[in-house]
Amino acid sequence: MADPMKIRAEMKGDTAEIRVLMAHPMETGQRKDAKGQVVPAHFIKTFTATLNGKVVLEGHLNTAVSRNPVIGFKVKGAAAGDKVVVSWEDNKGDKRSDEATVA
Amino acid sequence: MDFMRRTLLKGAGAGGVVGALLAAGLLRPNQVFAAEWNAGAFEAKSIADALKAIGGAGTEGKDIQLKVPDIAENGAVVPIEVTVNLPNVQTISILVDKNPLPLVASFNFAAGTLPYVRVPIKMGETSNVRVVAKADGKTYSVAKEVKVTIGGCGG
């Protein structure tokens, strides 16, 4: 199973600044291994971020997003103590969901 | 805590039970996605096809702030930061003209989420980075060139 995400959520004024590190190889499907075999694509296709159960951001990604990407976004009207949940699903059907609290 | 875990492991005779409990606590049912991953757009091999699949590039958007490095020494990690100074932004898409699959990512924003996103991307070679934003049903876009010293698509 995939490694846990690292989620940082901090209040700046009335806005929560959220950064999520998604541990994932994000294989492009273009790279060849030492034997010259193409390494099959393996990447996060979709992710959803919710704040207190309400969807705030939805991302659809392709192979060109970097390995172990850190994705940053901002939610207005959040408050310290709010619960952030991020879930992703990759092209092989693997899933991962992690949560954090806005500080 | 550590001690308790140890006795628990011993008591269970195998780590499997604890592992299953941990997994049950960590894994939650996946949220329902409002929109499907647009295979036609993400698998398009030319910038023209990719743009067509997401509904065109629209008009030039002076209100889109695209922050990219002028020169990326490492094409495997090119930081992209987008801020759209328009009301009711629904989606922001990021494309790289000369990548084998030009559409890199697409984000859907809820009402309270600021039209801002930061994402690291891979670039195979020097190319325009393009941002297409949809706000209030209208489409806007901007493009900026990033020079790539070492490509990020491996090989």
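See above for the structure.
Given the structure is predicted, the values throughout are model-derived calculations rather than measurements. Along each chain, the written sequence defines residue order, and numbers are assigned to residues from 1. All chains are assigned letters beginning at A, and all ligands numbers beginning at 1, according to the order in which they are written. Confidence filtering applies because this is a predicted model: local features only for residues at pLDDT of at least 70, side-chain atom pairs given and counted only at 80 or more, and all residues used for totals across whole chains, interfaces and linings. Remark: hydrogens and water are excluded; side-chain values derive from all non-hydrogen atoms of the structure.

K.L.:
Would you explain the overall build of chain A in this entry?
P.N.:
Scanning chain A for helices and strands turns up zero helices and seven strands. For chain A, the α and β elements follow one another from N to C terminus as β-β-β-β-β-β-β. Across the 103 residues of chain A, 51% fall into the buried class. A fraction of 55% describes how many contacts in chain A between residues 6 or more apart in sequence connect residues 24 or more apart. Looking at chain A as shown, the accessible area adds up to about 4600 Å², and 47% of this sits on carbon and sulfur atoms. Counting 16 positive and 13 negative side-chain charges, chain A places the averaged centre of each group 4 Å from the other. Numbered from the N terminus, helices here are DSSP runs of H or I no shorter than four residues, and strands are runs of E no shorter than two. Exposure categories follow from relative accessible area, calculated using a 1.4 Å probe and restricted to protein chains: below 20% of the type maximum is buried, above 50% is exposed, and the middle band is partly exposed. The contact definition used throughout considers only heavy atoms, calling two residues in contact when any of these lie within 4.5 Å. With residues, only the protein chains shown are counted as cover, and all accessible areas are computed by Shrake-Rupley using a 1.4 Å probe. By the counting rule applied here, Lys and Arg register as positive and Asp and Glu as negative, while His and the ends of each chain are not counted. Charge placement uses NZ in Lys and CZ in Arg. For Asp and Glu, CG and CD serve respectively.

K.L.:
Where do I start with the packing of aromatic side chains in this structure?
P.N.:
What describes a pair of aromatic rings is the distance from one ring centre to the other and the angle between the planes of the rings. A pair of aromatic rings is counted whenever rings of Phe, Tyr or Trp (Trp by its six-membered ring) have centres within 6.5 Å, and the orientation is called stacked for planes under 30 degrees apart, edge-to-face for over 60 and tilted otherwise. Taken as a whole and judged by the stated rule, the model has three aromatic pairs over all chains. Members of the aromatic cluster, each reached through a chain of ring pairs, are F43 of chain A together with W37 and F42 of chain B. Any Lys NZ or Arg CZ that is within 6 Å of a ring centre and within 35 degrees of that ring's normal is treated as a charge sitting over the ring. Over the face of the ring belonging to W37 of chain B we find K45 of chain A, whose NZ or CZ atom lies 4.2 Å from the ring centre. Positioned above the aromatic ring of Y116 of chain B, the side-chain terminus of K74 of chain A is 4.1 Å from the ring centre.

K.L.:
Can you walk me through the interface of chain B and chain A in this structure?
P.N.:
One frequently used descriptor of interface size is the decrease in accessible area upon assembly of the parts. Contacts between the two partners involve 39 residues from chain B and, on the opposite side, 40 residues from chain A. Together, the buried faces of chain B and chain A total about 3400 Å²; carbon and sulfur atoms form 57% of this surface. Salt bridges are counted wherever a side-chain nitrogen of Lys or Arg sits within 4 Å of a carboxyl oxygen of Asp or Glu. Between chain B and chain A we count zero salt bridges in total. Polar contact criterion, stated in full: a pair of N or O atoms within 3.5 Å, where within protein one must be able to donate a hydrogen and the other to accept it, and residues adjacent in sequence count only if both atoms are side-chain atoms. Along the contact surface separating chain B from chain A lie 19 residue pairs in polar contact (both at pLDDT 80 or more). Counting only elements with at least two residues in the side of chain B that touches chain A, the list comes to β6 (103–109) and β7 (116–121) of chain B. No other element matches the seven residues that β6 of chain B contributes to the side of chain B that touches chain A. Once two parts are put together, the accessible area they lose, assessed with a 1.4 Å probe and summed over both, is termed the buried area.

K.L.:
Explain the environment of N38 of chain B here, please?
P.N.:
You can see N38 of chain B is positioned in the loop between α2 (16–26) and α3 (39–42). A C-alpha to C-alpha distance of 8.4 Å links N38 of chain B and A53 of chain B, two positions 15 residues apart in sequence.

K.L.:
Just to check I follow, could you spell out the pattern of salt bridges for this structure?
P.N.:
A side chain of one charge can pair with a side chain of the opposite charge when the charged atoms of the two come close. This model, assessed by the stated rule, comprises 10 salt bridges over all chains. E99 of chain A is paired through a salt bridge with K83 of chain A; the nearest N and O atoms lie 3.9 Å apart. You can see E99 of chain A sitting in strand β7 (residues 95–101) and its partner K83 of chain A sitting in strand β6 (residues 83–90), a full 16 residues away along the chain. What makes K83 of chain A partly exposed here is its relative accessible area of 36%. Residue K67 of chain B is joined to E81 of chain B by a salt bridge in which the shortest nitrogen-to-oxygen separation is 3.9 Å. Remark: E81 of chain B occurs in strand β4 (residues 78–84) and K67 of chain B occurs in strand β2 (residues 64–67); sequence separation between them is 14 residues. The class of E81 of chain B is buried, set by a relative accessible area of 16%.

K.L.:
Would you mind going over the pairing of strand β5 (residues 89–96) of chain B with me for this structure?
P.N.:
Looking down a regular strand, the side chains alternate between one sheet face and the other. All names here are of chain B. Among the eight residues of β5, seven are classified as buried, and the element is accordingly described as predominantly covered. Strand pairing requires that DSSP identify at least two bridges connecting the strands. Two strands pair when backbone bridges link them, and β5 and strand β8 (residues 127–135) are joined in this way by seven bridges, in the antiparallel orientation. Counterpart to T91 in the pairing with β8 is K134. With five bridges joining them, β5 and β6 adopt antiparallel strand pairing. In the strand pairing of β6, S93 is matched with S106. Connecting β5 to the next strand, β6, in antiparallel fashion are six residues.

K.L.:
Quick question: what am I supposed to make of the nonpolar core here?
P.N.:
Soluble globular proteins tend to pack their nonpolar side chains together in the buried interior. Definition of nonpolar core: a set of buried residues of the types Ala, Val, Leu, Ile, Met, Phe, Trp, Tyr and Cys, connected through side-chain atoms within 4.5 Å. Core analysis: the biggest nonpolar cluster contains 68 residues, and I80, V82 and F107 of chain B have the highest contact counts within it. Those residues in contact with I80 of chain B that sit more than four places away from it in its chain are L66, K67, V68, I94, V117, R118, V119, I121 and V129 of chain B.

K.L.:
Explain the environment of Y116 of chain B here, please?
P.N.:
Relative to the helices and strands, Y116 of chain B resides in strand β7. Along the primary structure Y116 of chain B and K45 of chain B are separated by 71 residues, whereas in three dimensions their C-alpha atoms are 27 Å apart. Ignoring any residue separated from it by four or fewer positions in sequence, one finds Y116 of chain B in contact with G72, F73 and K74 of chain A together with E81, V82, T83 and F109 of chain B.

K.L.:
Hey, could you run me through the pairing of β2 of chain B in this one?
P.N.:
All names here are of chain B. Covered by surrounding structure in β2 are I64 and L66 only, the residues Q65 and K67 on the alternate face being uncovered. Relative to β4, β2 is paired through four bridges, and the arrangement is antiparallel. Across the sheet, K67 pairs through a bridge with E81, a residue of β4.

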